[in-house]
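For reference, the chains in residue letters:
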Protein chains: 4
Amino acid sequence: MNDNLLTYPFTRSGKSAIVPPPPWYYGVTYISAYVKFQKDTLYQFLPNFLDSKGEGWIYIAEFISPSEETWDLMYQDPDLTQYLEGAIGLRVYYEGKSYLYFPFMWVDKDWALVRGWLDGYPKKIAKISMTKLHPLLPKYNKPENGLKLGGYVVRGGNFLFRLQVELREKVDDVPLRSFGAPLNVRIYPARGESETSVFELVSRVRDENVLGEIWKGDAKIELGGYVNDELDKLKIEDVIAGYYYTTYFKVRTTRLLAKLDRETLVSK
Amino acid sequence: MNDNLLTYPFTRSGKSAIVPPPPWYYGVTYISAYVKFQKDTLYQFLPNFLDSKGEGWIYIAEFISPSEETWDLMYQDPDLTQYLEGAIGLRVYYEGKSYLYFPFMWVDKDWALVRGWLDGYPKKIAKISMTKLHPLLPKYNKPENGLKLGGYVVRGGNFLFRLQVELREKVDDVPLRSFGAPLNVRIYPARGESETSVFELVSRVRDENVLGEIWKGDAKIELGGYVNDELDKLKIEDVIAGYYYTTYFKVRTTRLLAKLDRETLVSK
Amino acid sequence: MNDNLLTYPFTRSGKSAIVPPPPWYYGVTYISAYVKFQKDTLYQFLPNFLDSKGEGWIYIAEFISPSEETWDLMYQDPDLTQYLEGAIGLRVYYEGKSYLYFPFMWVDKDWALVRGWLDGYPKKIAKISMTKLHPLLPKYNKPENGLKLGGYVVRGGNFLFRLQVELREKVDDVPLRSFGAPLNVRIYPARGESETSVFELVSRVRDENVLGEIWKGDAKIELGGYVNDELDKLKIEDVIAGYYYTTYFKVRTTRLLAKLDRETLVSK
Amino acid sequence: MNDNLLTYPFTRSGKSAIVPPPPWYYGVTYISAYVKFQKDTLYQFLPNFLDSKGEGWIYIAEFISPSEETWDLMYQDPDLTQYLEGAIGLRVYYEGKSYLYFPFMWVDKDWALVRGWLDGYPKKIAKISMTKLHPLLPKYNKPENGLKLGGYVVRGGNFLFRLQVELREKVDDVPLRSFGAPLNVRIYPARGESETSVFELVSRVRDENVLGEIWKGDAKIELGGYVNDELDKLKIEDVIAGYYYTTYFKVRTTRLLAKLDRETLVSK
């Protein structure tokens, strides 16, 4: 068993663990929108030590994500290497530096939820739907000017968001890259006296990071939300552009930025 | 509303129908195995008017399948254009001619179930898992010699089958094509006196049919089955080869071969 | 194999059939609302030969529903005996007589979908959520004045409806009973030349019908809907009352009222 | 927001948190089996500091589980108050005292997974099926001598276990109670330098604990398992009895037994 990670369930072989040890590989296809949120609606979602001017990034994505020790799952149990993800991201400022912070993130697999939580991503399980192309269809066989792609995230009694992008042109970059490194809070609260609470501000490190083909276009977004997912409190001021692109990255570790306490996190 | 098809739920616009009118488009990616079943185990699954020497075809596949009137669903509700399918096929002989007959077929969407049933495919809903590649991953980025792909179909309290294929070489054709046209039984039984029962032997017609890249290799199969899916009564004698390939086809209609009655179908 | 029903997949034993032969037993728990729809919004959902004054019945329900030959599934594969259902019902008039007609119905199991379709219920698969009580909890242990129950139906990119009922008092009957017998259209369209199309107006017959405890109260409803489920075209004028009750019935057969053709069904 | 628990996603209101603050209420219905495992097969599943003589407890169960602040979810979003659970439990000895330890536990909701993980329960998401009774059905309307109940847990490409119980008689107690308090390991591993790793041996405290009606009978169990759930390494020597019962309990906190380190946990 790898020395770097231990997750439940415990077995001598380590093969039943919900999260295999890193490095983890990520091949991703994104449909996303670059937006400006109404700044005053963000207060509900940001701890005091983070600031934002409203820049945001919303996406749905398909992840193919095996880990070094589990490439065999790609054919033995493909579901343990695939998931869909939807998320609401914000450019935030922490100690004067720009970062990418996710108030909300949803996936459709248990291991992706727990793996994310270890690195501070606030994942829940949701139903996610996303356009797929097929090379032999008479339409929708490849990205091109005028192609419309989209999808949605649904959880509980409502959709959380719906996203549609109409492609216009190939471009060289996505504005997300200027947001900076991810900024997450690892949270594992104590449940009894003398137990440990973890509240750690961390940044996930990408060992490798490759952008594939990038298409830019127009985007449309609807925010929904329900009793346990307060998307209805979040307002979009402007939808700047839509993107469809692929990426590859590799992750081994996170970098600690600060140890927090509960009070810092929730102070009003 | 198209004159050729009407399915529930009825609305004036036709837009709530579970199955949109044809033509239907199919872009498919298959992981499959060419097998020989033990001939004596097939009796359980074949009506008397069909004969088989045991040749079989087992697959899991991803379908992207919009219809002429619903291309917009590709971005509005992608789930209404995508499904996974697993199936057990047999080369059968009917009146001296060779056909492809499916004793079992499973999908993961309601509209794919009903659409199939209209054409005589015996679909149920199951959980299906299947390898997906990503072009930017360091492995599993494209089909190649040595690549292992696989998946499974699970329904109720067991897996129904698990399939693994190790690719060896590009080839020009799949043996399935020699099986012949599909042979299905459209079944819609009467539920009361004077009501109509439909038992029609039909063959689905493909208006267009294109094969993409085809890879051949070795295959491994395990048959499972449970109380409502009698796969445990089916035995494989030989696994001849595995295939990984894409295809495109278009469907408008079925061709009637014979009107049957219930007795012909179930006679022992 | 029972002589009264044959559904796919065909096997000699009949044990793989998606729908077991009747009689079918139904033990049901309903959360429902008695409503008045805006009459002019109903045109979209009613064939010309049906009329309505707007009276409606909306429910979510849990069904425990084994069949005579499959009581063993109750412990072997409980999922084949349980489903959740949501539906929109209307009091309609056909040839001067009052009936209960369902423009929409959703379930969460494949066999319930197909079984329903055989009898003309327009079922699709959806995600359904519904309050459950537990006798040992400090609250929500039994129906009583002030208890709030509810749930929702979600399909594709939106909720279809949400329903909440606050209980007030035990009563002796539900207004649904005055709606009359169910009126359904059995639909199985031809898919090729010379094939049979079934369009039969039928009424499902209940051999036994027992009402358990009935609670009446207030109800709240929100209608949603999305691209393949046009609930957004349906408007509620008044929510008259809410009900929470159990029932038992047994079904063997349907009664044919009329043979229709496609034109009668869709004429504008 | 309650001071005792903080889970993601962070919002000012706390209403989006995946786990609401305790106290948590549990109304449970269990189908379970009292078994003896082959002692030598347990080594794979037990850390060195735990010992076992093979006594085990296997169950599937339905939980209705609101929390103090979220009783309203019972009607607003019932799925956030209901889950099915399957588990493999062992009587273990730690420092000479008897405890109940769970090598494996599966649920079907995200919030139940995370809530469990906070208290050291090794939960994954699985598909769980379980007999339900209905008071108005002609059979299966109440527990009684001869009634068979059952279910299964399925995850990935196989079932994990199937359980069937045939009831014989009402009894006063379940042998599980003699196993002792739960013994769990809270695990939250560091993901980078200077980050905190939590490995805490804890026992969950039940503030209230009520047993409802208890039925005893015979049980049958099949263990399955697949690549990420090593149930195939676990062997049952004897199935002693089956039980069907309800229970209620309330949880606020866990009690710390020991702070561990990674080495103690995985030493061979």
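Residues numbered from 1 in each chain as written. Chains lettered and ligands numbered in written order. Predicted model: local features only at pLDDT ≥ 70, side-chain atom pairs only at ≥ 80, totals over all residues. Heavy atoms only, no water.

Under an unreviewed UniProt entry, the name given to chain A is Acetoacetate decarboxylase, and the organism recorded is Sulfolobus acidocaldarius N8.

On to the overall build of chain A. A count of helices and strands for chain A gives three helices and eleven strands. Order of helices (α) and strands (β) in chain A, N terminus to C terminus: β-β-α-β-β-α-β-β-β-β-β-β-β-α. Its C-alpha radius of gyration of 19 Å places chain A within 12% of the 18 Å reference for a compact globule of 268 residues. Along the three orthogonal principal directions, the C-alpha set of chain A runs to about 60 × 50 × 35 Å. Burial status across chain A gives 68% buried among its 268 residues. Contacts in chain A between residues at least 24 apart in sequence constitute 69% of all its contacts with a sequence separation of at least 6. Taking the average place of the 35 positive charges on the side chains of chain A and the average place of its 35 negative ones, the gap between the two points comes to 2 Å. (Helix = DSSP H or I, 4+ residues; strand = E, 2+ residues; numbered from the N terminus. Rg over C-alpha atoms; globule rule 2.2 N^0.38 Å. Buried < 20%, exposed > 50% of the residue type's maximum accessible area, 1.4 Å probe, protein only. Contact = heavy atoms within 4.5 Å. Lys, Arg positive; Asp, Glu negative; His and termini not counted. Charge placed at Lys NZ, Arg CZ, Asp CG, Glu CD.)

Before going further, it helps to spend a moment on the relation of the copies chain A and chain D. Superposing chain A onto chain D requires a rotation of 180° together with a translation of 0.0 Å along the rotation axis, leaving an RMSD of 0.0 Å. Each copy turns onto its partner about a two-fold axis. Here 100% of the interface residues in chain A have copies in chain D that are interface residues too; the copies meet face to matching face. (Least-squares fit on C-alpha atoms with pLDDT ≥ 70 in both.)

Once that is clear, we can look at the side chain of Lys124 of chain B. Tracing the backbone shows Lys124 of chain B in strand β5 (residues 123-125). Separated by 2.6 Å, the side chain of Lys124 of chain B and the backbone oxygen of Asn228 of chain B make a polar contact. A distance of 3.0 Å separates a polar atom in the side chain of Lys124 of chain B from a polar atom in the side chain of Asp229 of chain B. If we skip the residues at most four places from it in the chain, Lys124 of chain B touches Met105, Trp106, Val107, Leu113, Arg155, Asn228 and Asp229 of chain B together with Pro9, Ser16, Ala17, Ile18 and Asp110 of chain C. (Polar contact = N/O pair within 3.5 Å; in protein donor to acceptor, adjacent residues only side chain to side chain.)

Take helix α2 (residues 110-118) of chain C next. All names here are of chain C. Within α2, nine of the nine residues are buried, which leaves the element mostly enclosed by the surrounding structure. Along α2, the residues classified as buried are Asp110, Trp111, Ala112, Leu113, Val114, Arg115, Gly116, Trp117 and Leu118. Trailing α2 by a residue or two, Gly120 shows a phi angle of about 90°, which is positive.

In this assembly, 79 residues from chain B lie in contact with 79 residues from chain C. Summing both partners gives a buried area of about 6700 Å² for chain B against chain C, and 53% of it is carried by carbon and sulfur. The largest share of the area that chain B buries against chain C comes from Arg12, Tyr188 and Arg191 of chain B, three residues that together contribute 16% of it. Residue Glu195 of chain B pairs with Arg186 of chain C through a salt bridge whose shortest N-O separation is 3.2 Å. (Buried area = accessible area lost by both parts, 1.4 Å probe. Salt bridge = Lys/Arg side-chain N within 4 Å of Asp/Glu carboxyl O.)

The next thing to look at is the packing of aromatic side chains. Evaluated as defined, the whole model comprises 100 aromatic pairs over all chains. Ring plane angle 85° and centroid distance 6.1 Å describe the contact between Tyr59 of chain C and Phe102 of chain C, whose orientation is recorded as edge-to-face. With Tyr59 of chain C in strand β2 (residues 51-64) and Phe102 of chain C in strand β4 (residues 97-107), this residue pair connects regions lying 43 residues apart in the sequence. A residue is classified by how much of its surface remains accessible, and Tyr59 of chain C, at 4% relative accessible area, is buried. On the accessibility criterion, Phe102 of chain C (7% relative accessible area) is buried. With centroids separated by 6.2 Å and ring planes inclined at 55°, the aromatic side chains of Trp106 of chain D and Phe161 of chain D adopt a geometry described as tilted. Of this pair, Trp106 of chain D sits in strand β4 (residues 97-107) while Phe161 of chain D is found in strand β8 (residues 158-171), placing the two residues 55 residues apart along the sequence. According to the relative accessible area criterion, Trp106 of chain D is buried, its value standing at 0%. By relative accessible area, Phe161 of chain D is classed as buried at 0%. An aromatic cluster is present here, built from Tyr26, Tyr30, Tyr59, Phe63, Tyr83, Phe102, Trp111, Tyr121, Tyr245 and Phe249 of chain A joined pairwise through their rings. The ring of Phe249 of chain A has Arg206 of chain A sitting right over it, with the charged end atom 3.5 Å from the ring centre. (Phe/Tyr/Trp six-rings, centres within 6.5 Å; stacked < 30°, edge-to-face > 60°. Lys NZ or Arg CZ within 6 Å of the ring centre and 35° of its normal.)

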